Every structure is written in structure tokens, then in C-alpha cells.
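# Coordinate inspection notes
Next come the chains, spelled out residue by residue.
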Amino acid sequence: MKRLYFLSLLVFILLIVTLATVQGNLLILVIPLTLYLMFAAWSLPEGLDLEFSRTLSAERVDPDDVVTVTLTIRNRGVALDEALIEDVLPHGLILHSGSTRRLFTLTQKGTAVFEYVVSAPRGSYPFEYVRVEVGDSFGLTRRVEKITVVGRLFVVPSVMRLKRIAIRPRRTRVYAGDIPARVGGSGTDFYSVRDYQPGDSSRAINWRASARHGAIYSNEFQQERVADVGIVLDGRERSNLFAGDRSIFDHSVMAAAALADAFLAQGNRVGMLIHSTYPNWIFPGYGKVQRERILQALMRAYIGDSLAFAELQKLSPRMFPVESQIVLVSPLIANPLLADDLNALIQWRARGYQVMVISPDPVSFELSVLPSAPEADLAARVVRLERRLFLHRLQRVGIHVVEWDVAQPFDQAVGPVLSRPLSAYPIGRAL
């Protein structure tokens, strides 16, 4: 457009000079320039009639997986000598190969296609529009339009498969599952002996007790049911940021996704609370639909701080059913700022909740990004000692803690520990 303005100004000045000096020779210079401008204005199309379609090789991927984006352009209007097409990327997408901008010459009813490859961290990425810039053959005039072409790429957290998680909440639900319910009935584990009742199977009769007491007694087994599980994901900035912008939060998200998937696969009713800028509560539910709700929430989870919900004590215990299982996923940094969190966990335990803590090890995580030095090693030893004392205080009130070194895969490092009975859970790194 600058060329058009400059040329128009030049023609105008020549016309003024011609009229002022009454020199017909100058008019010879004006005529070709005027024809040049008129032809450029005439060759520029009045409107664009372009049809776009964008296809993704996969609309739902794991973090950092590559996705091929194909953009197809169909020209349903007049021929375009020069069309610059740019597919505007959502913020956060990383271009791996190819280009999002291409220059085409589109004939009438012509078609053009180009591809590029992107990847992205966890999150939701909406494609909104395509930028089109067309011009005339002489490069004097340009027209820019934004054409809406919607699409979305979902990058969900990776789900590590855990075979089984052994939990023992005080209260279970009425549906059959694999959690001991502390109630006699049909099951596999021996629970008690009771008087024989008509209809009992002969296999259930305890012949030794019957012979000893002179009456018929039947064995009673412990029922196995499903339970309510609440997962609390700590997304506070002061708990997750280390060494500048490096965050351990993505590891916590991965752990929360694996835990939710395992609990739901066992038939339990699972809810989740993401404690960040504001509490994001996913109401408890069952099955694949609930799994998808939780993954969608984890996909959009980011760290943040809130003055109103800075401590775990500010969270209402009514979010979790009475005497259910609560699993906290948090680095649990042992410092004075988080002293209230210890009190909150103790209060949860005192209210009758069975509490489990999955703690990604922040000391190993931060030490891995620091240069090797004697001072760093000494500081790490001191912090580890403080952290070990902090975790032992949780153990003394009956809270089960599993520490995870994020350098190890979650399913391999923590899976064998979680499959043991709760009384066998160790304090320390799960390796």
C-alpha cells in the first residue's frame, strides 16, 4: 500500500505542476502512471471466495507428540495472481517442521494444499482463523482478510497404568468391588464365625467349631465393595516452582491422572479437587465418563496462588464424603509457609478420613537442575532431613506417605508400593 500511496502522490504532483506551468510535455509522464494505477486497481479482486478445511493427524495426543496439520484451500471466486495464506497458530504450539505461511497463485476453482508439523505441552489449543493477503500483479495494492476456520487440539496428560491400589477407608458403598468392607457376607477372606442359618452352603460350615461347641456354625467372609475416593492436586505456585520457571507440577498432574484411572478401573466413585488460583472441583462419579471429565480438568490445570484459598485448611471437608479415602498429590515442601498444611492433614485424619499422600520429591527435582557443587549437596542433605522429619510427623498420625523420585517412571516406582496393604506403606522414596 505504501507504493500505491507514493505513486498516487507522484501523479497528483505532476498534474499540479502541469496545470501550473501549462507544459504539455509533462502530461506525457502523467498518462502512463495513471494507466498503471488504473490497471492495478482493476486487477485487484473485489472480494474473496475461498473455502478452507483444516485436518489434524490426531486431535487428542499426549504431551510433546507431533501432529501433522493439513490446510486445504479451494478458490471458488476469480483467479488470484498472488495469495499469501497464513494459518495462525494458537499460543503455545511449537512448530517442528514446515511453514504456516505459503504463497500461491490460485486459478479459478483451483485448489492448494500445504502441511506443517507441530507439538505442544499439556493443554487445549483452539485454532481460530486463517489470514489471507492478496495483491495485484504489479504489487501496488494489498488486501488482508481473516477467515474463520475453527479447530482444536487436545493435549491430555499421559496416563500411567497402575494394576491396583490398596486402600482401606472406614466406609464403603453398597456396590461390589475389591476393597475390604469390614462387613460379613460373601467374599474370599475369612471374617468371623456365626450361627448356622437355613440356606447356608455346606461348604461354609465350620466343622471344627461345630464339633467343639456342639452346635452348627458357619464361616462368614468379609465383603468387598467400592469406596469414595477424593484426589486433591496441589497446584499452588509456592509449592511447585523451583529454580526459576521450572515446575514439578506436570509430574503431579501425571500422578493424579494415573491415580484417578486406577481408582476408576477398580469401580470406585472418584472426585477430584485441583487446588490452584481457585478450587476446581470435579464432582464424584464412575466409569469412563468420569475419567474423561478428570482428564479434561487436568489438561487445563495450571499453577497459581490465591489469598482466599492459600492453605489446605480453607478447603471445605464437605467436598468429600464422610470417612472416605483422600489422596493428596503434593510436593509438600517442609517450610514455615506450609505449616498450616500439616495441621489440615491432621484434621482430615481426625475427622475419620483415610489419608494418603503421594509426594513428588522436590529435593531431587531441584538438585537435578543445579550445577554440581559441595554447597548444593550440603543444602540438599539439610533439606532432606527436614523433609524426612516432616513426613514422619504425618506417619505418626496415621497418614500414609509415598515419596516419588520423578526421575523414575511413576508406574514402575510407585505402582508396586501402592499395591501393598496400607500398613506396609513405607516412609521414604518409592524405588
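Residues numbered from 1 in each chain as written. Predicted model: local features only at pLDDT ≥ 70, side-chain atom pairs only at ≥ 80, totals over all residues. Heavy atoms only, no water.

## Details of the nonpolar core
The biggest cluster of nonpolar side chains holds 40 residues, and the ones touching the most others in it are Ile231 and Leu259. Elements supplying a minimum of two residues to this core: strand 12 (228-234), helix 5 (249-265), strand 15 (269-275), helix 6 (287-299), strand 17 (325-329), strand 18 (354-360), strand 19 (400-404) and helix 10 (410-418). Examining the composition of this core, we find that 11 residues originate from one element, helix 5, more than from any other. Isoleucine 231 has contacts with Ala256, Leu259, Ala260, Phe263, Val270, Gly271, Met272, Leu273, Val327 and Val329, leaving out every residue within four places of it along the chain. (Core = buried A, V, L, I, M, F, W, Y, C linked by side-chain atoms within 4.5 Å. Buried < 20%, exposed > 50% of the residue type's maximum accessible area, 1.4 Å probe, protein only. Helix = DSSP H or I, 4+ residues; strand = E, 2+ residues; numbered from the N terminus. Contact = heavy atoms within 4.5 Å.)

## Some points on the pairing of strand 3 (residues 67-75)
Among the nine residues in strand 3, seven count as buried, and that is most of the element. Inspection of the sheet shows strand 1 (residues 50-56) paired to strand 3 by seven bridges, in the antiparallel sense. Bridging across to strand 3, arginine 54 finds its partner in leucine 71. For strand 3 and strand 7 (residues 111-119), the ladder comprises eight bridges, and the chain directions are antiparallel. For valine 69, the partnering residue across the bridge sits in strand 7 and is tyrosine 116. (Pairing = 2+ DSSP bridges.)

## A few points about the pattern of salt bridges
With the rule as written, the count across this model stands at 14 salt bridges. Between glutamate 133 and arginine 131 there is a salt bridge, with its nearest N and O atoms 3.3 Å apart. Glutamate 133 gets classed as buried once you look at its relative accessible area, which sits at 14%. Several salt bridges converge on common partners, so that one network encompasses Glu86, Arg101, Arg131 and Glu133. (Salt bridge = Lys/Arg side-chain N within 4 Å of Asp/Glu carboxyl O.)

## Some details on unusual backbone geometry
Positive phi, close to 70°, is recorded for aspartate 64, a residue that is not glycine. Here aspartate 64 lies in the loop between strand 2 (60-61) and strand 3. Relative accessible area serves as the criterion here: at 55%, aspartate 64 is assigned to the exposed category. At lysine 109, a residue that is not glycine, the phi angle is positive and equals roughly 65°. Relative to the elements of secondary structure, lysine 109 occurs in the loop between strand 6 (101-106) and strand 7. Under the relative-accessibility criterion, lysine 109 is labelled exposed at 72%.

## Points about the pairing of strand 9 (residues 142-155)
By the bridge criterion, two bridges tie strand 2 to strand 9 in an arrangement that is parallel. The residue bridging arginine 60 from the neighbouring strand is phenylalanine 154, located in strand 9. Two elements, strand 8 (residues 123-135) and strand 9, share 12 bridges in a ladder whose sense is antiparallel. Bridge pairing links valine 134 to arginine 143 in strand 9.

## Some thoughts on the environment of valine 78
Note on placement: valine 78 falls in the loop between strand 3 and strand 4 (80-87). Separated by 28 residues in the primary sequence, valine 78 and leucine 106 have C-alpha atoms spaced 8.7 Å apart.

## Concerning the packing of aromatic side chains
Counted under the stated rule, the structure contains six aromatic pairs. Ring centres of phenylalanine 320 and tyrosine 353 lie 6.4 Å apart, and the angle between their planes is 80°; this geometry places the pair in the edge-to-face category. Linking phenylalanine 320 in the loop between helix 6 and strand 17 with tyrosine 353 in the loop between helix 7 (339-350) and strand 18, this pair joins segments that are 33 residues apart in sequence. By the burial criterion, phenylalanine 320 is buried, and tyrosine 353 matches it. Between tryptophan 404 and phenylalanine 410, the ring centres sit 4.8 Å apart and the planes meet at 75°, which makes this aromatic pair edge-to-face. This pair shows no difference in class: tryptophan 404 is buried, exactly as phenylalanine 410 is. One aromatic cluster in this structure is built from Trp281, Phe320, Trp348 and Tyr353. Over the face of the ring belonging to tyrosine 302 we find arginine 122, whose NZ or CZ atom lies 5.5 Å from the ring centre. (Phe/Tyr/Trp six-rings, centres within 6.5 Å; stacked < 30°, edge-to-face > 60°. Lys NZ or Arg CZ within 6 Å of the ring centre and 35° of its normal.)

## Structural notes on the side chain of glutamine 296
Inspection of the secondary structure puts glutamine 296 in helix 6. Using a relative accessible area of 19% as the deciding quantity, one classes glutamine 296 as buried. Here the side chain of glutamine 296 touches glutamate 292 through a polar contact of 2.8 Å, side chain to side chain. Those residues within four positions of glutamine 296 in sequence are excluded, and the remaining contacts are Arg60 and Phe154. (Polar contact = N/O pair within 3.5 Å; in protein donor to acceptor, adjacent residues only side chain to side chain.)

## Here we look at empty space enclosed by the protein
For the structure shown, the criterion picks out one cavity of 30 Å³ or more. The computed volume of the largest cavity comes to approximately 40 Å³. Looking at the lining of the largest cavity, the elements that each hand over two or more residues are strand 12, strand 15 and strand 16 (279-285). When residues of the lining of the largest cavity are assigned to their parent elements, the largest contribution, three residues, is made by strand 12. Partitioning the lining of the largest cavity into residue classes produces six nonpolar, three polar and two charged. (1 Å grid on protein atoms, 1.4 Å probe; cavity = no way out; pocket = protein on both sides within 12 Å on 5 of 7 lines; lining within 4 Å. Points joined across faces, edges and corners; volume = space filled by probe spheres on them. Nonpolar A, V, L, I, M, F, W, Y, C, P; charged D, E, K, R; others polar.)

## Comments concerning the packing of helix 5 against helix 6
Between helix 5 and helix 6, whose axes approach to 10 Å, the crossing angle comes to 175°. The angle between the axes of helix 5 and helix 6 places the two elements in the roughly antiparallel class. Contact residues: helix 5 offers Val253, Ala256, Ala257, Ala260, Asp261 and Leu264, while helix 6 offers Gly287, Gln290, Arg291, Ile294, Leu295 and Leu298. Of the residues belonging to the contact of helix 5 with helix 6, the class tally is eight nonpolar, two polar and two charged. (Axes fitted to C-alpha atoms, helices over the stretch in contact; angles between N-to-C directions. Parallel < 35°, antiparallel > 145°, perpendicular 65-115°, else oblique.)

## Thoughts on helix 6
The α-helix advances 3.6 residues per turn, and as a result positions three or four apart in sequence lie on the same side. For helix 6, built from 13 residues, the straight-helix expectation of 18 Å at 1.5 Å per residue is met to within 8% by its first-to-last C-alpha distance of 18 Å. Buried within helix 6 we find Gln290, Ile294, Leu295, Gln296, Ala297, Leu298 and Met299. (Expected span 1.5 Å × (residues − 1).)

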